[in-house]
Every structure is written in structure tokens, then in C-alpha cells.
Amino acid sequence: MKVTNGSVARAGLPRGLSAAVMQYVWNSIEADATKIDIVFERMAAEVKAVKTFYIEDNGTGIDYSTIQKTFGSFLDSIKQTRFTKGGKGKGRLSFLAFSSRVIWYTTFKDKDGVNQFYTIQIDEGERKEYESSDPKPVKSATGTRVEFRLPKDTLDADYLDSEDFKRDLSLEFGWFLQINQGNNLEININGKRLNHSDFIELFEAKDIIIKDKADENRIYKFTANFIQWKDKIGTDSHFYFLDGQQQLKERAATGFNKIGGRAYGFVHSVYVQSDYFNTFSFSKVRNGNNVELDLDSVDNDQHDTVYRQLIDNLKKYVAEKRDEFLSSDSEGAIERFRERGTLPIFSDDVFGKQQQENYTEVLKGVYKTAPTLFIDISKPQEKSLLGLLNLSLQSDEREHVLDILSSVVDLSSEERRELAELLKKTKLSGVIKLLKTLESRYAVVEILKELVFKHIKTTTERGQLQDAIENNFWLFGEEYNLVSADTSFKQLEDIYLNMIDDGSSSDIEKSDRRPDLFLARHRKIANGISGVSYKKQNLIVELKRPSVDIGTEQFRQIEDYRDILRKDSAFNSSMREWHMFIIGVNVKDEVASKYNAFKHLGKQFLVSCENNFYIYALSWDDVFTSFEVRHDFLLDDLDIDKNKILEDIRLKKELNESQVLADETVIISEVVRKKPALSTT
């Protein structure tokens, strides 16, 4: 058969610089090289043109006695002792992608053990021919240096010097470098070692032991080298099957990097090595390197029970790695949605918090089941999708979530089953958690009623009331965090600034006056439609024992707190909003008469408003009624009998002293805070 320059040109040679360079690196690996150097020099600084370019290795060199077979044959290769990536004899002509001449300077060991050196040259104009010099004995070590002469414009020094080139090499050779770390194999670019691990997210080697069902005395060991890449690798994820000499026998798609035909970021490769594949045929005619097999030497093929067990094990293993990836990635996805502002907004009350927890759990499950739903969609589309999911969960027909997802992406029967179980589980779990939380809160409220209405003479503000309230400050809003309790203003500023602003205190002399509770709202509150003004909300709560009513004297006490804060430069920013509450059993008329002056502000119980300082006067009954108004509708939905809540507690404990009552509120709040996630089984 006649081989012409035209037939060579049409033989499917690598056209890109990256692919062409990789062919020569594979040639070095096939020659048992442990050190491969890619070296280039620019024509001048900051110029793309390349002056010199070569690839050098310390491999076995090219045996002169086989040169006619290696360089005289096209679309064939005799190299079958190592992992053969190129094959078919095309690798030597890959230089045509970026240069017009290539010269090999190679040293090999002849049959007598003498190192011999000679050169081989191919020119673009006569690519079907090669010229070689006569071998000469040398003392230098074996190896090959391939020099590329007469560079073309496609030989770009900027690319060879870029992170893209390192990435391309790492994605091509990273797995081989990883599983051959013990052999000290290295690839260098201008003297700097390629750090392939920069592009590998996860590497794991797993041994799989399989017994032959036909002969249980025969046991096979397979080593599955799993790599999860940080970036795309330009192809579907595959299983690569290698024999005991790391020669590629075949590859097969894993089927785990796409859902509904779309990729979702789980980019991986699995390299399975075993002596089992030494005499294995995937086709019984040819293996992946275009070499005809001696059928008499074939022991196994794809119908073998060991091979089928191996595939089942591999798919189960990769499925586990995929689930781990999606579980981890779902956390990141929630954070990305939050940063983009596409998540639904929930209320700050206990019901809203439970809805948010329930929604987040389901969203993670949906993302794990159908991550491609959220790929390549615009921000408005993402917000609509997330909002639609929330509406579906709030209705009594949350099973329609499955119908919605199935209309967009193909779900397997197993995926539908898992998602259906998640929808049921989160609903039940959410109801149970909300039920327990509400029961505990109503118990606290009932105990507080006992303290302030029945133990009037023995209940103290600094003792029992403060202990009870500081452990249950949800009474004043779900969104607040306790900064201090019964702390003087001398200490208060440092605590507050460290918690809210990470700032330092001012030098102003602080008062020894002590507010009972100081609560702070961490999040910033938008003020106005424009959203350009933000405030940090703070609460100060002054508690009065049941025997003291709220009159002018008590009102002036909290005004003193306001004045202290207003005079302190560390506290008087217009960006802060202060809400001060004074609470007692009764509010005297002299204070209650101030309500009417501030009705136009729409703030109930407000008795003073100056700049960013708001003072409220409430009775304990106002506090309890407000709680019930916010929560009674939940009791109706969840069928909670609040009359039995305190009765159940009394059956277990004598609640006949004010201190015992106060202690019980602390115990209840601590149990709720530390309570683990409830089981739904």
C-alpha cells in the first residue's frame, strides 16, 4: 500500500498545540521515562514567538533495530508494554500541528548492553519519509530529546507559559502521575515541576476483591483509582481498564456525570488496574490499541461473571462518591442562592423559622436529586423556581413537587421514591419540632403567669424574673440575641461592641445603673423603599417585680438609660435604633396616658420617641397576650391543648415556690436549645 503526504494529512493527526505536545509526552511515558522536561524559549521577552522548543526524557530511547517498524509503519505501533495513549504510529507526526521539522536525539541500549546514540529527522514536505544517522557508542545515559524546528504561528509561548497549559497537562496526565507517585514520575515545564494535584479535587484508591463464582478458589484483586477533577476534562467521565502493566485495554462511560443529559459538575475518572485484564478481551478481535489478539490467549471477556460483578461494584462505588459530592455541593448551592438573593424570605417568628428549616432541607434534597435544574439559568428564573418550590411546600399538596420536577428533568423511579420520602419526612419532622417548641414556650408563659400573678410578694426582679426572661427572650422577638443580663453600663459597652461591631470602648465615664436585659438584633434593617439606609436594632428591658407598678418614677428610670446611651459616643450613632421596654404587673394612668401621643407611629405601647430612642411601657398581661396572638393560630393547626401543658409539668414537679418556678423556665429553655433533631420513625 502506498502512503503519500496527502494520506498522512488526512489521517486524523492532532491539530491543536496542546494535543500534539501530549502525544510526545505519552511517547516518553511509554519509553519508561521517570523525568520528562518540556523546554521552550521565547524569541524575546513578551513575544509569543518561540525560539527553541524541545521535550526531553530519561527513558529507554528508540531501539535502532526496530526503527523500520516504528518509523517505517504508519497507522500502527509496536509499543504494547506500557499504557499506550497514542498508538497507531501517529504520535511521531504530531509536530505538524506547530512546526515544520522534528529531530529526535536518542540513546538506547543495544543487545550487547552498549549505549548507542543516533538521530532521526522528519520534514513537513516529506512527512512520509524519515532520515536517520548511524548509531555511535556513547557513555551518556539512555533517553530521548525531541527538538521542534521551524516553528509555525501556532507554537504560542504565551500558552506554553500559561495556567491553561498546566491545566491541560494535569487533566491528561494527572491520573497517571497520581497512581505512579511511588515511581517518582515527574513532568517539568522549563524546570518547574507540574503540580497536577492543583487540579484534583479528590483522589482515592479502593481495592475490590471478587471471587469467581465458577471457581471460588480463584480470587481477583482490582485497584480502582478514583479521581474527582476540579474542572471539566473535555469528555464524559469514564472507567479506564488497565492490565498489570498499566496498558489501556478499554474504557466505558460511568454514566454518573450527567442527569437528564446535562452535566452538573461531578467530573471524575476511574482507573481500574488488575492482572485480570492481562488476558481479557473486550471484543475478542482487537483491543484498544488496534492490535490483533491471539484468541487462544484470551481467558475472559465481558460476559464473564467476574467482570459483571466488577462493574456492579464500580457503579455502586461511584454512586456513593456522587452522593457525597452532591451532599457537599448542596450546602454550597444554598449559600450561592443566598448570596444571589434568590431564596424566599421567611418571617422571624417560630413558625417562619420552622418553615425555613423545612424548606432548606427539601431544597437540598431536590438539588441532590436534580442539580441540573439550577444550571445555566438566569437570576429571575432561579428566584421563580425557588419560590415555586416554597409555595408547593406550604400547600397541602406538596407531592406536586415531584410532578413539577418530572416535567423539567427525567427522574428515575429510585430518585422519585427518595424525594417522596424526603417530602414526607421533612413535613412530619417540621410538625414535631414546631409542636415541641410551642409546647415548651406555652409552658414558660404559664409559669411566668404564676410568678407575676400568684407569687406577688416573693417574686423578685433581680432573681426569679430575670433568670426566667434572660433564658426566654423570644418573648420579645425571634430575631434578637442576648447581649447581657443585669450588667452595668461600665461593662455593657465593651460586651456590646465586641458582639456587634468588634469595636473598642470610648473613654466616657459609665454609669453604675444596670438594665435587667440588653438584647441586640444582629441583622441590619432596611429603612425605606430605597434600601440605602440601614439600622441595627437594640432592646433594653427593665423588669419590675409584681408588687411594683409602672409609674412616673419607673418611667424616669428608663429615661436615664436613654440619656446615658445618648451621651456615649460609642452608642449614639444614627445608624442604631434603640427600643426600651419597662414591664410590670400594672401600668399607671400617668404613664398609660402617653400612648395616645404616639398612636400615629403605629407602635403599640409606645410612651416616648426621641430620634432613634423608643420607650415602651407594658404590663405582664400585655406581654402574655401578645405572645398568644402571635401563636394561637398555630395551636389550632397543630391541635395543642395549652390547658394541659402546665398540668403535665405539675404532675412531675411541685411548683409551689417562686424560685422553683423560675428554675423550671430555665430548665425548659435549655432542653429546647440542646434538643437534637427529632426522629420521624
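Conventions adopted
Residues numbered from 1 in each chain as written. Predicted model: local features only at pLDDT ≥ 70, side-chain atom pairs only at ≥ 80, totals over all residues. Heavy atoms only, no water. Helix = DSSP H or I, 4+ residues; strand = E, 2+ residues; numbered from the N terminus. Buried < 20%, exposed > 50% of the residue type's maximum accessible area, 1.4 Å probe, protein only. Contact = heavy atoms within 4.5 Å. Areas by Shrake-Rupley, 256 points an atom, 1.4 Å probe, with all protein chains shown as cover. Pairing = 2+ DSSP bridges. Axes fitted to C-alpha atoms, helices over the stretch in contact; angles between N-to-C directions. Core = buried A, V, L, I, M, F, W, Y, C linked by side-chain atoms within 4.5 Å. Phe/Tyr/Trp six-rings, centres within 6.5 Å; stacked < 30°, edge-to-face > 60°. pLDDT = per-residue confidence, 0-100. Left-handed = near helix turned anticlockwise from the far one by under 90°. Nonpolar A, V, L, I, M, F, W, Y, C, P; charged D, E, K, R; others polar. Expected span 1.5 Å × (residues − 1). Bend = angle between axes of the 7 residues up to and from the residue. Polar contact = N/O pair within 3.5 Å; in protein donor to acceptor, adjacent residues only side chain to side chain. Salt bridge = Lys/Arg side-chain N within 4 Å of Asp/Glu carboxyl O.

(A) Focus on the overall build of the protein chain. In terms of helices and strands, the protein chain carries 17 helices and 24 strands. The 681 residues of the protein chain split such that 48% are buried. Long-range pairs, those at least 24 residues apart, make up 68% of the contacts in the protein chain with a sequence separation of at least 6. Taken as a whole, the protein chain presents about 34400 Å² of accessible surface, with 47% of it coming from carbon and sulfur.

(B) The side chain of Gln554, seen in detail. Note that Gln554 resides in helix H13 (residues 552-567). With a relative accessible area of 12%, Gln554 lands in the buried category. Apart from the residues within four sequence positions on either side, Gln554 is in contact with Lys544, Val548, Asp549 and Ile582.

(C) Quick look at the sheet that holds strand E12 (residues 238-242). Sheet architecture is open: five strands sit in the order E10-E11-E16-E12-E13, paired in mixed fashion. The open sheet terminates on both sides in strands that have one partner only, identified here as strand E10 (200-212) and strand E13 (248-253). Geometrically, the sheet is characterised by an average inter-axis angle of 20° between neighbouring strands, direction not taken into account. Of the strand pairs in this sheet, E12 and E13 are connected by five bridges, and their pairing is antiparallel. Residue His238 lies in a different strand from E13, and its bridge partner there is Ala253. In the packing of helix H5 (residues 163-179) onto the sheet, the strands contacted are E10, strand E11 (215-229), E12 and strand E16 (268-273), and the crossing angle to E11 comes to about 135°. Packing of helix H6 (residues 305-340) onto the sheet brings it into contact with E10, E11, E12 and E16, and relative to E10 it is tilted by some 150°.

(D) Seen up close, the nonpolar core. Core analysis: the largest hydrophobic core is formed by 54 residues, its most contacted members being Val21, Ile38, Phe53, Phe98, Trp104, Phe148 and Phe173. With eight residues, the single largest contributor to this core is helix H2 (residues 17-30). By size, the runner-up hydrophobic cluster in this structure holds 29 residues, among which are Trp474, Phe476, Leu539 and Leu618.

(E) Here's a closer look at the environment of Val146. Position of Val146 relative to the elements: it lies in strand E7 (residues 143-151). We classify Val146 as buried; its relative accessible area is 7%. With 93 residues separating them in the primary sequence, Val146 and Phe53 have C-alpha atoms 8.6 Å apart. With residues up to four places along the chain from it excluded, the contact list for Val146 reads Tyr24, Phe53, Tyr54, Ile55, Val102, Ile103 and Trp104.

(F) Just unusual backbone geometry, in detail. A positive phi angle, near 65°, is found at Asp32, a position not held by glycine. Along the chain, Asp32 falls in the loop between H2 and strand E1 (35-42). Under the relative-accessibility criterion, Asp32 is labelled partly exposed at 41%. Even without a glycine there, the phi angle at Asn611 is positive, about 55°. Of note, Asn611 is situated in the loop between strand E23 (606-610) and strand E24 (613-619).

(G) Representation of the packing of aromatic side chains. If you walk through the whole model with that rule in mind, you get 32 aromatic pairs. For the pair Phe222 and Tyr276, a centre-to-centre distance of 5.2 Å together with 70° between the ring planes defines the contact as edge-to-face. Remark: Tyr276 occurs in the loop between E16 and strand E17 (280-281) and Phe222 occurs in strand E11; sequence separation between them is 54 residues. Phe222 gets classed as buried once you look at its relative accessible area, which sits at 0%. Relative accessible area serves as the criterion here: at 3%, Tyr276 is assigned to the buried category. Between Phe453 and Phe624, the ring centres sit 6.0 Å apart and the planes meet at 85°, which makes this aromatic pair edge-to-face. Of the two residues, Phe453 is situated in helix H10 (residues 413-453) and Phe624 in helix H15 (residues 620-638); the sequence distance between them amounts to 171 residues. Assessed through its relative accessible area of 34%, Phe453 is described here as partly exposed. Classification of Phe624 by relative accessible area gives buried; the value is 1%.

(H) Inspection of the confidence of the model for the protein chain at higher detail. Per-residue pLDDT for the protein chain has a mean of 75; in total, 67% of the residues score no lower than 70. Confidence scores differ between elements of the protein chain, with helix H1 (residues 5-9) showing the lowest mean pLDDT of 45 and strand E6 (residues 136-137) the highest of 96. Scored below 50 in pLDDT, residues 499-510 shows 28 contacts in the model against residues more than four places distant or in partner chains.

(I) The packing of H2 against H5, seen in detail. Look at H2 against H5: their axes get within 11 Å of each other, and the N-to-C directions meet at 35°. In the crossing of H2 with H5, the sense of the turn from one axis to the other is right-handed. Residue-level inspection shows Ser18, Val21, Met22, Val25, Trp26 and Ile29 of H2 in contact with H5, the latter providing Phe165, Asp168, Leu169, Glu172, Phe173, Trp175 and Phe176. In the contact of H2 with H5, the residues fall into 10 nonpolar, one polar and two charged.

(J) Structural detail: H5. Taking 1.5 Å of rise per residue, 17 residues should cover 24 Å, and H5 covers 23 Å from first to last C-alpha, within 8% of that figure. Along H5, the largest kink reaches about 60° and is centred on Phe173. Most of H5 is tucked away: 12 of the 17 residues are buried. Turning to H5, its buried residues number three or more, namely Phe165, Asp168, Leu169, Ser170, Leu171, Glu172, Phe173, Gly174, Trp175, Phe176, Leu177 and Gln178. Backbone nitrogen of Asp164 and a side-chain oxygen of the N-cap are separated by 3.4 Å at the start of H5; the cap is Ser162.

(K) Just the pattern of salt bridges, in detail. Counting across every chain of the model gives 24 salt bridges. Among the salt bridges present, the one from Asp207 reaches Lys221, with a minimum N-O distance of 3.7 Å. Note that Asp207 is positioned in strand E10 and Lys221 in strand E11, a separation of 14 residues in sequence.

(L) Quick look at H6. The end-to-end C-alpha distance of H6 is 51 Å, a good match for the 52 Å that 36 residues give at a rise of 1.5 Å each. Just downstream of H6, Gly341 is the residue with a positive phi angle, here 70°.

(M) Quick peek at the environment of Ser327. Tracing the backbone through its elements, the reader meets Ser327 in helix H6. Overall, the relative accessible area of 30% leaves Ser327 in the partly exposed class. C-alpha of Ser327 to C-alpha of Lys364: the two residues are 37 residues apart in sequence and 7.6 Å apart in space.

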